[in-house]
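Summary of structural features
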Amino acid sequence: MSDLLSISNLTRTYGNKKVLDGLDLKIGTGKIVGLLAPNGEGKTTLFRLMAGLLTKNDGEILIDGQEPSEITNSYVSFLPDHYVLGGFHSIRGAMKHMKKYFSDFDEAKALSLMKRLKFAPNQRLASLSKGQKEQVQLILFLSRKAKLFLLDEPLAAVDPATRDFIVQTILSSFGEDNTVIISTHVVLDIELILDEIVMLKNGKVHLQGEADELRSKYGMTINDIFKEEFRFVEGGSENE
């Protein structure tokens, strides 16, 4: 089986700092992958490069055999780590935008998920709380029938009930024909749904493997492996 994602010698700098330094990574289809690293290790930069929102300094990114472009954007759904629906008056308006620009947008699924969280299509986005806006955004981006979902810190600063909903929504969007990559530094909340682990450190892939194999090899949970590998790293802001 060919790799859905193939990255080789990927380099991206900000000024004199190499955020990604010759990174190599291959990921197949039909996986939920945890992209794990402390803040500031390049997770968001990597996602933005894959989504075609940044240009690389060197290397190659292939998604289903294609460089990031309008073609890949038709089957890659990138959920950013910040709110991007500010230009829309209502939930319905945001849904119309998704339907217009993404042929794989599943309106029926979006409406069903909205109903579960008691959102109405005519609700004004400005009337929603920060957490509610993030829930609506998550629903919209996960309601595409994409080959590759890139979810950047989807569990950051959400309450336990919302966290459970997000996990279940991720699972409902996943199948044998697509791959979900979840960027996070909060491992415990998603460990049990991860098939594969990729840890970034110093601009490279520090550790990669099947989740069960890593648990067996290290004799500990993925969360504990993560804490051990990054025990000297203090928290910080992701300035990527």
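Reading the values: the criteria
The numbering scheme is per chain: residues are counted from 1 as the chain's sequence reads. Local features in this predicted model are restricted to residues whose pLDDT is 70 or higher, and side-chain atom pairs enter the listing and the counts only when it is 80 or higher, whereas totals over whole chains, interfaces and linings include all residues. Side-chain descriptors were evaluated using all non-hydrogen atoms of the structure, hydrogens and water having been removed beforehand. A pair of Phe, Tyr and Trp rings is counted when the ring centres sit within 6.5 Å of each other, with Trp represented by its six-membered ring. The angle between the planes then sorts it: under 30 degrees is stacked, over 60 is edge-to-face, the rest tilted. Numbering of helices and strands runs from the N terminus, with a helix taken as a DSSP run of H or I at least four residues long and a strand as a DSSP run of E at least two residues long. Throughout, exposure labels follow a simple rule: accessible area from a 1.4 Å probe, protein chains only, divided by the maximum for the residue type, with under 20% read as buried, over 50% as exposed, and the rest as partly exposed. By definition, two strands form a pair when at least two bridges between them are found by DSSP. Whenever a carboxyl oxygen of Asp or Glu lies within 4 Å of a side-chain nitrogen of Lys or Arg, that contact is scored as a salt bridge. Each polar contact in these results corresponds to two N or O atoms within 3.5 Å; when the atoms are within protein, one needs to be able to donate a hydrogen and the other to accept it, and residues that are neighboring in sequence are counted only if both atoms are side-chain atoms. It only takes one pair of heavy atoms within 4.5 Å for two residues to be counted as in contact. Angular values range over 0 to 180 degrees, each being the angle between N-to-C directions of two axes fitted as lines to C-alpha atoms, with helices fitted over their stretch in contact. Think of a nonpolar core as a cluster: buried Ala, Val, Leu, Ile, Met, Phe, Trp, Tyr and Cys residues, connected wherever their side-chain atoms sit within 4.5 Å.

Our focus in this paragraph is the packing of aromatic side chains. Applying the stated criterion to the full structure yields 2 aromatic pairs. Here the aromatic rings of F47 and F78 are separated by 6.1 Å at their centres, their planes lie at 80 degrees, and the arrangement is edge-to-face. Within this pair, whereas F47 is found in helix α1 (residues 43-50), its partner F78 is found in strand β5 (residues 76-79), the two being separated by 31 residues in sequence. By relative accessible area, F47 is classed as buried at 0%. By relative accessible area, which is 11% here, F78 ends up buried. Relative to F230, the ring of F226 has its centre 5.0 Å away and its plane inclined at 45 degrees; by these criteria the two rings are tilted.

The next thing to look at is the pairing of β5. Where burial is concerned, the two faces of β5 agree: the one with V76 and F78 and the one with S77 and L79 are both buried. In the sheet, β5 pairs with strand β6 (residues 148-152) via 4 bridges, with the strands oriented parallel. Paired with S77 across the bridge in β6 is F149.

Right, let's talk about the pattern of salt bridges for a bit. With the rule as written, the count across this model stands at 14 salt bridges. The salt bridge involving D212 is made with R215; its shortest N-O contact spans 2.7 Å. Of this pair, D212 and R215 both sit in helix α7 (residues 211-218), 3 residues apart, roughly one helical turn. Salt bridges linked by common partners bring K31, E196 and E210 together as one network.

Moving on to the side chain of T11. Looking at where T11 falls in the secondary structure, it is placed in strand β1 (residues 5-14). For T11, a relative accessible area of 10% puts it in the buried group. A polar atom in the side chain of T11 sits 3.2 Å from the backbone nitrogen of G22. With residues up to four places along the chain from it excluded, the contact list for T11 reads K18, L20, D21, G22, K56, N57 and D58.

Here we come to the environment of L200. As for its placement among the helices and strands, L200 is situated in strand β8 (residues 196-201). Residue L200 is classed as buried on the basis of its relative accessible area, which comes to 0%. With 172 residues separating them in the primary sequence, L200 and G28 have C-alpha atoms 18 Å apart. Apart from the residues lying within four places of it in its own chain, the contact partners of L200 are L23, L35, L36, A37, E41, G42, K43, L46, V205, H206 and F230.

Take the sheet that holds β5 next. Across the sheet, 6 strands lie side by side as β5-β6-β7-β3-β8-β9; this open sheet has mixed pairing. Each edge of the open sheet carries a strand with a single partner, namely β5 and β9 (204-210). On average, each strand axis in the sheet is inclined to that of its neighbour by 15 degrees, with strand direction left out of account. Lying on the sheet, helix α5 (residues 130-142) is in contact with β5 and β6; it crosses β5 at an angle near 170 degrees.

Core analysis: the largest hydrophobic core is formed by 28 residues, its most contacted members being L151, I170, I182, I193, I197, M199 and I222. At the level of elements, β3 (32-36), α5, β6, α6 (160-173), β7 (179-184), β8, α7 and α8 (222-229) are the ones that each hand at least two residues to this core. Once residues lying within four places of it in the same chain are set aside, the contact partners of I193 are I32, V167, I170, L171 and I182. Core analysis: the second largest hydrophobic core is formed by 27 residues, L5, V33, L46 and F78 among them.

Here we come to the sheet that holds strand β4 (residues 58-63). Taken in spatial order, the 3 strands of this open sheet run β2-β1-β4, and their pairing is antiparallel. Of all the strands in the sheet, the pair left with one neighbour each is β2 (17-27) and β4. Here the strands of the sheet are splayed against their neighbours by 25 degrees on average, with no regard to which way each runs. Sheet topology places β1 next to β4; 5 bridges connect them, and they run antiparallel. Residue pairing in the sheet places S6 in a bridge with L62 of β4. Its contacts with the sheet place α1 against β1, β2 and β4, and it is angled at close to 120 degrees to β1.

Purely geometric numbers; function is a separate question.
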